[in-house]
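Below are the chains, spelled out letter by letter.
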Amino acid sequence: MVIGASGQIGRPAVAALERDGWDVTAASRGGGRDESWGTGVRAVRLDRSDDGALAAVVGDGCDLVVDMVAYDAGHARQLTDLAGRIGSAVVISSVSVYEDGKGRGFDTLDEPDGFPAYPVPIAETQPTVAPGEATYSTRKAALERELLAKSAELPTTVLRAGAVHGPFSPLPRELYFVKRHLDGRGRRVLAYGGESRFHPASARNIAELVRLAAARPGSRVLNAVDPQAPTVAGIGAAIDAVMGAEPETTLVAGPPPAGSVGGTPWSVPLPVVLDMSAAERELGYRPVVSYEESLPETVEWLRKRLAEGDWRECFPLLARAYPDLFDYAAEDAWPAGT
């Protein structure tokens, strides 16, 4: 059973498991299907907040549960309470659980000198934030802690995903460059000299990790990112190539010089780059797609979504996270200081 099957990672994960010979029940709030799934996939509606509904879908038992939407310790307990009816689990977490040697992590980004100085590349042995209910990061840490504490009853692979990309994303970072080209913008500004690196993770590569972990049940924590971590300037250049654009790029040393000018969804002062050697060693993992290879599909999906309406309505989560993502007036005024 795949929980959150209609989401960005769920769609390719269901397809990958089906190709591997699994009989898949695709559970989601809407109960919808993806065009990539075969007729053997059973799609069902599931309200994740309803413990009884989840137990009913599991039924007498299943060999595997893949959980794309588990968020906190409560969701972990939903799974572990059904341990007698589940063979193993694969659960998606986040790289935001990591903290550096000074206790800094994603929750301290807005504090002075609060950005974490991670050792690069970050291995799974890096310390994590204390579990709790206060933030996304602490909730994900609590999810992991609860699952790993019950690993004897329910073997679980936890996948710590980076900056997830691909079609059906609720937070498509690539929109930053794609929309600018569609709007005819001939210039852009990139802070930190365009050298920011926030490790991307293709939904298709994560699906491959799900497939491999499903075939090798166990209790483990693994990073889940692409083979390379391109700079933000490199990401922009790759999208330029897909869209046939040649914009002028102004690189600014240091943080955004005026409000959101120069800031992007990847803009970080220090690199967030993950080590994938554990997944290679434990699962025999090899990525199925590079960042550049994945882009045409993502760009085409974004074109179609933007044709449906205003970007804020199409992607409300992205708009809340980055409300000034397309402040063209500020960008145009910045060089003159007006």
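> Would you mind going over the nonpolar core in detail, with residue names and values included?
Residues Leu159 and Ile206 are the most contacted members of the largest nonpolar core, which totals 73 residues. Per-element tally for this core: the top contributor is helix H6 (residues 203-215), with eight residues. In this structure, Ile206 is in contact with Ile9, Ile92, Leu159, Ala161, Val164, Ala201 and Ala224, ignoring residues within four places of it in sequence. Counting residues in each nonpolar core, the second largest holds 23 residues, with Ala27, Val44, Ala55 and Ala83 among its members.

> Explain helix H2 (residues 51-58) to me, and be specific about the residues and the numbers.
Buried within H2 are the following residues: Leu54, Ala55, Val57 and Val58. Angularly, the buried residues of H2 cover 160° about the axis, an arc narrow enough to put them on a single face. Tucked inside the fold, the buried residues of H2 contact strand S1 (2-3), strand S2 (25-28), strand S3 (42-45), strand S4 (62-67), helix H3 (73-80) and strand S5 (86-94). Two to three positions downstream of the cap, the backbone nitrogen of Gly52 sits 3.0 Å from a side-chain oxygen, assigning the N-cap of H2 to Asp50.

> Run through the sheet that holds strand S6 (residues 156-161), naming residues and quoting values.
Read across the sheet, seven strands follow the order S3-S2-S1-S4-S5-S6-S10 without closing on themselves; strand pairing throughout is parallel. Either end of the sheet is taken by a strand with one partner, and the two such strands are S3 and strand S10 (220-224). Bridge count for S4 against S5 is five bridges, and the pairing is parallel. Pairing of Asp67 across the sheet is with Val91, part of S5.

Definitions and cut-offs
Residues numbered from 1 in each chain as written. Predicted model: local features only at pLDDT ≥ 70, side-chain atom pairs only at ≥ 80, totals over all residues. Heavy atoms only, no water. Core = buried A, V, L, I, M, F, W, Y, C linked by side-chain atoms within 4.5 Å. Buried < 20%, exposed > 50% of the residue type's maximum accessible area, 1.4 Å probe, protein only. Helix = DSSP H or I, 4+ residues; strand = E, 2+ residues; numbered from the N terminus. Contact = heavy atoms within 4.5 Å. Arc of directions from axis to C-beta. Polar contact = N/O pair within 3.5 Å; in protein donor to acceptor, adjacent residues only side chain to side chain. Pairing = 2+ DSSP bridges.

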